[in-house]
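Listed below are the residues making up each chain.
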Amino acid sequence: MRVLVVHNHYRQPGGEQVAVEAQVGLLQEAGHSVILYAKDNRVIEQYDLGQRIAFLLRTVFSWEAYREIKVLVAQNRPDVAHVHNVFPLISPSVYRALKHAGVPIIQTVHNFRFLCPNGLLYTQGHLCERCKYGDTLHALRWRCYRNSYLLSALYAVTIRLHRRWGTFQMIDHFIAPTEFTAAKLVESGLTTRDKISVLPHFLPDPLPTPGSFEQRDPHVIYLGRLSPEKGIEILVEAMTGLPSLRLKLLGDGPLTAAIRDQVQHQQLSNVELLGYVSGEAKWEALRHALATVVPSVWYEVFGFAVLESLAVGTSVVASNLGGIPHVVEDRRSGLLFRPRDSANLREKLAWLVEHPKEALAMGQYGRYVVQQRYTATTHYAALLEIYRHILERAEVQ
């Protein structure tokens, strides 16, 4: 099978990039021909004034991407196109190019960009679904994208126009990582449930070696970006009154300085900021922790930190919000707490300290779940079935 993969890389790699690269590798290892059409947002940093002005127009509709996709299709004749992200350099023009070329389109939903100009359904410190039904101009008022009127207007106009033009209706099938994301797509009116498959992300083979199921160090880990929607300040607040438990923050981001100030102001000697960690150092850190904490205050679509933690047999304490409860089973693979409630989070962490054997057992069960549901083998079989279904439907039409 020939698969055209379309993806616009972000400036900084994250879970989405990991998911895309893993899936491309999986298809190639299985012998499929993968044609990759990708652009990288880092090129924007080198744009001069004229290029930046042109870039704004191309975000709405890139004729360059349209033509390049048409050429790629003519040269390679893909069976299906699997789109991951088109913003901002590729633009939704690719859907029209693929539709005009007769290539079935599958879209994996990594965020809520089709429903929300900043892709988060979260703005100004709160969950927000004002734009979900297509009236995206709310984003301009609230400066939802990077606190900028211009950039918020750019994405608001782009999404509003393409929803009105029916561009996203050209997508033949959507893949959502959890049932929560699928439900949001249906609520918005963007598509119908029969055009959505729920397919979680996965970890490539072989899975990382698990940590000990006999004893763990008395500390928990936060793994990810230090940004407002991640709820880091709530986690740090929860650490007050827990002197026997340490917290290691593995990551950086716009809140790094603010978190450091919070730790110093509250004199929290049990909180360490260790910066961005990757590779084997990340796995080693996860293996030794009693649990990983995911305190998000936005609708996490999936949460790679959850999957990576469970893979090494480390339980997860997480917000009962968004896609997270679809991955973390409360009292089985981890503990769920009320979003934004630092006191409730503190109670859950204190319980972990008092019940280390139960924490280890939850981690062991989490490892089992990953082995059953989130492996390359499981993902590939489900993905191939989706491709076949779409191809069969295309032949009937």
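Our subject is the structure listed above.
About the cut-offs
Residues numbered from 1 in each chain as written. Predicted model: local features only at pLDDT ≥ 70, side-chain atom pairs only at ≥ 80, totals over all residues. Heavy atoms only, no water. Buried < 20%, exposed > 50% of the residue type's maximum accessible area, 1.4 Å probe, protein only. Helix = DSSP H or I, 4+ residues; strand = E, 2+ residues; numbered from the N terminus. Arc of directions from axis to C-beta. Contact = heavy atoms within 4.5 Å. Pairing = 2+ DSSP bridges. Axes fitted to C-alpha atoms, helices over the stretch in contact; angles between N-to-C directions. Polar contact = N/O pair within 3.5 Å; in protein donor to acceptor, adjacent residues only side chain to side chain. Parallel < 35°, antiparallel > 145°, perpendicular 65-115°, else oblique. Nonpolar A, V, L, I, M, F, W, Y, C, P; charged D, E, K, R; others polar. Core = buried A, V, L, I, M, F, W, Y, C linked by side-chain atoms within 4.5 Å.

(A) A look at helix α9 (residues 256-265). Taken residue by residue, α9 has T256, I259, Q262 and V263 as its buried positions. An end-on view of α9 places all buried positions within 125 degrees of arc, on one side of the element. Turned more than 90 degrees off the buried face of α9, the exposed positions are Q264 and H265. Tucked into the core, α9 has its buried residues touching α8 (232-238), β10 (246-250) and β11 (271-273).

(B) Molecular detail of the sheet that holds strand β3 (residues 80-85). As summarised here, the arrangement of the six strands in space is β2-β1-β3-β4-β7-β8, forming an open sheet in which the pairing is parallel. Here the strands that pair on one side only, and so sit at the sheet edges, are β2 (33-40) and β8 (196-198). Sheet twist, expressed as the mean angle between neighbouring strand axes with direction ignored, is 20 degrees. Pairing between strand β1 (residues 2-9) and β3: five bridges, direction parallel. Counterpart to V5 in the pairing with β3 is H82.

(C) Molecular detail of the side chain of S93. Looking at the secondary structure, you find S93 in helix α4 (residues 93-101). Within the structure, the side chain of S93 is placed 3.4 Å from the backbone oxygen of I90, a separation counted as a polar contact. Leaving out residues up to four positions away in the same chain, S93 has contacts with F61, S62, A65 and Y66.

(D) Just the packing of helix α11 (residues 304-311) against helix α13 (residues 356-373), in detail. At a minimum axis distance of 7 Å, the contact between α11 and α13 shows a crossing angle of 105 degrees. Judged by the angle between their axes, α11 and α13 are roughly perpendicular. Together, L307, L310 and A311 of α11 and G363, G366, R367 and V370 of α13 make up the contact between the two elements. Tallied by class, residues from the contact of α11 with α13 come to four nonpolar, two polar and one charged.

(E) Main features of the sheet that holds strand β12 (residues 291-294). Read across the open sheet, the six strands follow the order β11-β10-β9-β12-β13-β14; overall the sheet is parallel. The two strands at the open ends of the sheet, each matched to only one other strand, are β11 and β14 (334-337). Here the strands of the sheet are splayed against their neighbours by 20 degrees on average, with no regard to which way each runs. Alignment of strand β9 (residues 219-223) against β10, held across five bridges, turns out to be parallel. Its bridge partner lying in β10, V220 is registered against L247. Against the sheet, α9 engages β10 and β11, with an angle of about 155 degrees to β11. Against the sheet, α11 contacts β9, β12 and β13 (315-319), and its axis sits at roughly 160 degrees relative to β13.

(F) Structural view of the nonpolar core. Ranked by size, the top nonpolar core spans 46 residues in total, and within it L4, I69, Y95, L98 and F114 carry the most contacts. The element contributing the most residues to this core is helix α3 (residues 63-76), with five residues. Among all residues touching Y95, those that are not within four sequence positions of it are V83, V86, I105, Q107, F114, T167, F168, M170 and I171.

(G) Just the environment of I90, in detail. Here I90 lies in the loop between β3 and α4. Taking C-alpha positions, I90 is 6.4 Å from S62, a pair spaced 28 residues apart along the chain. Discounting residues that sit within four places of it in the chain, I90 has contacts with V6, H7, N8, Y37, K39, S62, A65 and N85.

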